[in-house]
Amino acid sequence: MADTWTIDELKALTSEVTSATIKYRGKDLVIQFCELTEAQDPKTTIPSDELSEEDTSAAYQKMGYDKVKAMIAKADEMQPDSASNIDKAWDELPSTIRYQISTKVLGGETVDF
């Protein structure tokens, strides 16, 4: 049964910091993040059906980025000695690295741009 999660293992994820390394332009970027509980998840509003497709897409992108930043901030708070502060510099980072960070934090595979 090693391939089956227990409830205790899943609950533990919200108190464990995960570190990951992302390759970006030939260099490594080390990040840390932590899963959120429902109470810690950033509060969001579902975009209105009346928005344009572009505005709807932008709203969902912001929702995803807010979640990623919250997961990074939580880990940085839990382990300040290895804090990256990426969440604080988010808007100043290149969009390609923000995409890679988001993909990694949310469980996807990243590629070096």
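Throughout what follows, the structure given in this document is the object of discussion. (Residues numbered from 1 in each chain as written. Predicted model: local features only at pLDDT ≥ 70, side-chain atom pairs only at ≥ 80, totals over all residues. Heavy atoms only, no water.)

Where a protein is soluble and globular, its nonpolar side chains tend to be buried together. Residues I31, F33, I72, W90, I101 and V105 are the most contacted members of the largest nonpolar core, which totals 15 residues. Secondary-structure elements contributing two or more residues to this core are strand 1 (18–24), strand 2 (27–33), helix 2 (53–78) and helix 4 (95–105). If sequence neighbours within four positions are ignored, V105 has contacts with I31, F33, V68 and M71. (Core = buried A, V, L, I, M, F, W, Y, C linked by side-chain atoms within 4.5 Å. Buried < 20%, exposed > 50% of the residue type's maximum accessible area, 1.4 Å probe, protein only. Helix = DSSP H or I, 4+ residues; strand = E, 2+ residues; numbered from the N terminus. Contact = heavy atoms within 4.5 Å.)

What follows covers the pairing of strand 1. Both strand 1 and strand 2 contribute to a ladder of 7 bridges, which runs antiparallel. Bridged to A20 within strand 2 is I31. Between strand 1 and strand 2, which follow one another and run antiparallel, lie 2 residues, and R25 among them has a positive phi close to 50°. (Pairing = 2+ DSSP bridges.)

Attention now goes to the environment of P42. Positionally, P42 belongs in the loop between strand 2 and helix 2. A sequence separation of 61 residues divides P42 from T103, and the C-alpha atoms of the two residues are 18 Å apart. Those residues within four positions of P42 in sequence are excluded, and the remaining contacts are L36, D66, K67 and A70.

Before going further, it helps to examine the side chain of S102. Relative to the helices and strands, S102 resides in helix 4. Sequence-distant contacts of S102, defined by excluding residues within four places in its chain, comprise Y65, V68 and W90.

Attention now moves to helix 4. Every buried residue of helix 4 is accounted for by I97, R98, Q100, I101, S102, T103 and V105. In this fold, the buried residues of helix 4 make contact with strand 1, strand 2, helix 2 and helix 3 (86–89). Positive phi shows up at G107, right after helix 4, with a value of about 100°.

Residues W5, I7 and L10 make up a contiguous nonpolar surface patch of roughly 350 Å² in combined accessible area. Relative to the helices and strands, W5 resides in the segment before helix 1 (7–12). Of the residues examined, W5 reaches a relative accessible area of 54% and is grouped as exposed. (Patch = residues over 30% accessible without salt bridge, like charges linked within 9 Å, V, L, I, M, F, W, Y side chains within 5 Å. Areas by Shrake-Rupley, 256 points an atom, 1.4 Å probe, with all protein chains shown as cover. Salt bridge = Lys/Arg side-chain N within 4 Å of Asp/Glu carboxyl O.)

A word on the pattern of salt bridges. Think of it this way: side chains of opposite charge can pair up when their charged atoms draw near. Taken as a whole, this structure holds 5 salt bridges when the rule is applied. Of the charged contacts in the structure, one is a salt bridge between D8 and K11, with a shortest N-O distance of 3.9 Å. Of this pair, D8 and K11 both sit in helix 1, separated by 3 residues, roughly a single helical turn. On the basis of relative accessible area, K11 is assigned to the exposed category, the value being 54%.

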